[in-house]
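Now for the letters of each chain:
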Amino acid sequence: LAGFGNLMQDVLWCFSQVKGTIDIGVAEADIISTVEFNHTGELLATGDKGGRVVIFQREQESKNQPHRRGEYNVYSTFQSHEPEFDYLKSLEIEEKINKIRWLPQQNAAYFLLSTNDKTVKLWKVSERDKRPEGYNLKDEDGRLRDPSMITVLRVPVLRPMDLMVEATPRRVFANAHTYHINSISVNSDYETYMSADDLRINLWNFEITNQSFNIVDIKPANMEELTEVITAAEFHPHHCNTFVYSSSKGTIRLCDMRTSALCDRHAKFFEEPEDPSNRSFFSEIISSISDVKFSHSGRYIMTRDYLTVKVWDLNMENRPIETYQVHDYLRSKLCSLYENDCIFDKFECVWNGSDSVIMTGSYNNFFRMFDRNTKRDVTLEASRENSKPRAILKPRKVCVGGKRRKDEISVDSLDFSKKILHTAWHPSENIIAVAATNNLYIFQDKVN
Amino acid sequence: MECTLDAQSLISISLRKIHSSRTQRGGIKLHKNLLVSYVLRNARQLYLSERYAELYRRQQHYPDGAPLLAMPACPPPPAAAAPPELAVLPLPTDTQDREARSCGAVRSGAELLEVPVCAVPPELQRAPCRDSSPGFYRATGSAGPGGGGGGGGGAGAAPGLLYPAGCDFGSGGAPHCSSRTTVLDLDTHVVTTVENGYLHQDCCSQCPCCCQPAPGLASPPPTPGTKRKYYPGQEEEEEGVEEGEPGGGGVAGGPPFAPCTKRARFEEYSTEHPQDSSNISNLISIFGSGFTGLVSRQQADSEQPLNGQLCSKQALASLGAWTRAIVAF
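Residues numbered from 1 in each chain as written. Chains lettered and ligands numbered in written order. Predicted model: local features only at pLDDT ≥ 70, side-chain atom pairs only at ≥ 80, totals over all residues. Heavy atoms only, no water.

Chain B carries the name IER5L protein in an unreviewed UniProt entry, which gives Nyctiprogne leucopyga as its organism. Under the heading Sequence similarities (unreviewed entry), UniProt records this for chain B: "Belongs to the IER family." (UniProt positions renumbered as here; feature names shortened; annotations may be inferred.)

Identification of chain A as Serine/threonine-protein phosphatase 2A 55 kDa regulatory subunit B from Nyctiprogne leucopyga is taken from an unreviewed UniProt entry.

## As for the overall build of chain A
Check the secondary structure of chain A and you find two helices and 32 strands. A burial count over chain A gives 56% of its 448 residues as buried. Of all intrachain contacts in chain A linking residues separated by at least 6 positions in sequence, the fraction that spans at least 24 positions is 55%. Of the accessible surface of chain A, which amounts to about 20,300 Å², a share of 49% is contributed by carbon and sulfur atoms. (Helix = DSSP H or I, 4+ residues; strand = E, 2+ residues; numbered from the N terminus. Buried < 20%, exposed > 50% of the residue type's maximum accessible area, 1.4 Å probe, protein only. Contact = heavy atoms within 4.5 Å. Areas by Shrake-Rupley, 256 points an atom, 1.4 Å probe, with all protein chains shown as cover.)

## Observations regarding the pattern of salt bridges
Oppositely charged side chains are able to pair whenever their charged atoms sit close together. This structure, assessed with the given rule, holds 38 salt bridges over all chains. The closest approach of N and O atoms between R279 of chain A and E274 of chain A, which form a salt bridge, is 3.3 Å. The salt bridge partner of R372 of chain A is E322 of chain A, with a shortest N-O separation of 2.9 Å. Within this pair, whereas R372 of chain A is found in the loop between β26 (366-371) and β27 (377-381), its partner E322 of chain A is found in strand β23 (residues 322-325), the two being separated by 50 residues in sequence. An identical accessibility class is assigned to R372 of chain A and E322 of chain A; each is buried. One network of salt bridges, with partners in common, ties together E274, R279 and E284 of chain A together with R41 of chain B. (Salt bridge = Lys/Arg side-chain N within 4 Å of Asp/Glu carboxyl O.)

## A word on the nonpolar core
Core analysis: the largest hydrophobic core is formed by 40 residues, its most contacted members being F282, Y306, Y338 and I343 of chain A. Elements represented by at least two residues in this core include exactly α1 (283-287) and α2 (334-339) of chain A together with α1 (7-21) and α2 (30-61) of chain B. Excluding its chain neighbours within four sequence positions, the residues that come into contact with I343 of chain A are F282, I285, I286, Y306, L334, L337 and Y338 of chain A. Membership of the second largest hydrophobic core comes to 19 residues, among which are V350, A382, W425 and V434 of chain A. (Core = buried A, V, L, I, M, F, W, Y, C linked by side-chain atoms within 4.5 Å.)

## So, the pairing of strand β16 (residues 230-235) of chain A
All names here are of chain A. Within β16, six of the six residues are buried, which leaves the element mostly enclosed by the surrounding structure. Across five bridges, β16 lies against strand β17 (residues 242-247) in antiparallel orientation. Bridge assignment links A232 to a residue of β17, and that residue is S246. Remark: six residues form the turn of the hairpin made by β16 and β17, two consecutive strands paired antiparallel. (Pairing = 2+ DSSP bridges.)

## Side note on the sheet that holds strand β19 (residues 268-270) of chain A
Residue and element names in this part refer to chain A. Across the sheet, four strands lie side by side as β16-β17-β18-β19; this open sheet has antiparallel pairing. Strands at the two margins of the open sheet, each flanked by one partner only, are β16 and β19. Strand-to-strand twist across the sheet, computed as the mean angle between neighbouring axes with direction ignored, equals 20°. Note that β17 and strand β18 (residues 252-256) share five bridges and pair antiparallel. By the bridge assignment for β18, S246 is matched with I252. (Axes fitted to C-alpha atoms, helices over the stretch in contact; angles between N-to-C directions.)

## Here we look at the packing of aromatic side chains
Residues and elements named next belong to chain A. Applying the stated criterion across every chain yields a total of 23 aromatic pairs over all chains. Between Y75 and Y110, the ring centres sit 6.0 Å apart and the planes meet at 85°, which makes this aromatic pair edge-to-face. Of the two residues, Y75 is situated in strand β5 (residues 72-79) and Y110 in strand β9 (residues 110-115); the sequence distance between them amounts to 35 residues. The residues Y75 and Y110 share a single accessibility class, namely buried. Plain terms: the ring middles of Y338 and F344 are 5.8 Å apart, the flat faces sit at 50° to each other, and that makes the pair tilted. Through successive ring pairs, a cluster of aromatic residues spans F15, F367, Y441 and F443. In this structure, K138 is placed above the aromatic ring of Y135, and the distance from its NZ or CZ to the ring centre is 4.7 Å. (Phe/Tyr/Trp six-rings, centres within 6.5 Å; stacked < 30°, edge-to-face > 60°. Lys NZ or Arg CZ within 6 Å of the ring centre and 35° of its normal.)

If you want it as structure tokens, here you go:
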């Protein structure tokens, strides 16, 4: 595929589309909380704080307009989760969608998992383009007919209708998590998946909703001894017995479900020794891992903490093989970022299809890409100003000190309310989806 | 890394965060509160190290403290056994007695603590938040009681170390003493900074009850090993919720786990505790006694558990009203 796996200097990213309103005041419910392509890249799903899921579908590429490579248009919108109330604890359960994960397509319908803090749901998204007509006992409006008035019998037939996309909840997996769910991951066996909260990970079978197996439990016998929580978890892309989970202490554990039912003892433990010269009040916070992702090959894992992205080789546990600074200029600002809570922001990270480039978000609607081969990196911005069709994104630069060049932006001018936490990369093409608060930007590489 | 905030401000900011998280939608976020507790711990370490350093500097100027100054500049390695002075730290029962005895005990404790301080301050100044401040809490066996029995009469600076407002600077206190405590009032949600303002008995009474979350200062300290029934966040509450407990959302899927156990636990829990978040209370206990765990875990394996406990109690006592405010969660 053209443009696939190109070196950084060869790829020019262009604006393609933006979804969402331009209103000054952003309704909290509209804030996008997760973005995910399906396995073919045909569908792109977003979840928001209001509990809604919006699915975009890529148009078939048209020969008439070759420069308009398949745009994404709304395919289905539905309310996945509603606010709930836990009467025992007098707590409201937020409807915010924390994660969406697609199942691979096995028939005409699409299936995805969506989760809030407590409940995971399996949704079936299917098309209906025919409807039965000619019932005997009811008329076209559905009203029952008087049986005594029926003189003729007929056989109902299927007639075409306008395409309708329906989303129906097929399974609801509830009541299995005391703490807040932060991750879900579909197993490569396509029969099971896991859900992880702060202290436990449960394994589910898609068909069974009233039982789950607890496979990891790090809750201490005495909660006073709590020192770390689970922050993210993911299954290996090919080995259905292997998964990893990251912790708030900056460590990653790889577990093999074949060794025991409860995977409290890890098979591998990935940790980098702390650099004592960087010690500060906030060392624990910035070392907490916010996201962990296997590479498509299954050979590497990538982790994101507050200031860096790290790539680990599964065969080397004592340190990452690569470390990329996302926004190290924030290291001297940690105090203010603690005060305004930004230091708790959980950034995600993604691989491109060939595992050669990794991407993650930052503030001021900036997002960063790192080419693992050339070691080049670029900072781009998702903004309405750069939103002309096929406009090429200009690399951005943050000025750390001294003289600020014309196009640079100084650290103090960064807008910390504009944060890119969620991004997604098409599984095989250079198409990326970037969530900027309530707007979804889609960028593609330039078609030459 | 330079920080524009001092330890005290960080502590009050952190307390505010924890408090406001109680009313957040979606309930207490365990992860965030755990991280905030780490900041609190780091800030507290800095605060204490600053206090110790200040004490040491003040000791230099007090003739009363002369015997203390006679101690070697570099402390010998910590003794293997806990020195008897530490064991003497009283659990005072009445105010007057407390003043005299605690001041005395603190004085002796202080002199013990002072010795490592003289070795540590340069490092502390450089990296005050370091986890490895075992020198802090490690008592040296070589420090003799000296004038330790002198008690409150000396009105020396020593007691001020651990009871920043209480018995020390009382009458003859150094005029430049600026001991402050920051208090978060959970009723009015006001954070106030108090100068020399809190009752000595507050801090003393915390010593035995550092694990006790309820504002039942009159209740006896729990025997180690017994269940603290009034303690929110105990296992029973957790288990009762997680095991098939309907989340109120009316979602189908009945309790898949042992319902009988759940019911029994639920009854036990519900009779005792008003609605509260187990998580935040667990964190409170982290402040109360979990810091012991946090601190002692960081320290060398040779660390005496006795020292750890006593030192954390001393440290807690110095936090005084803070602990009560937090504990009252």
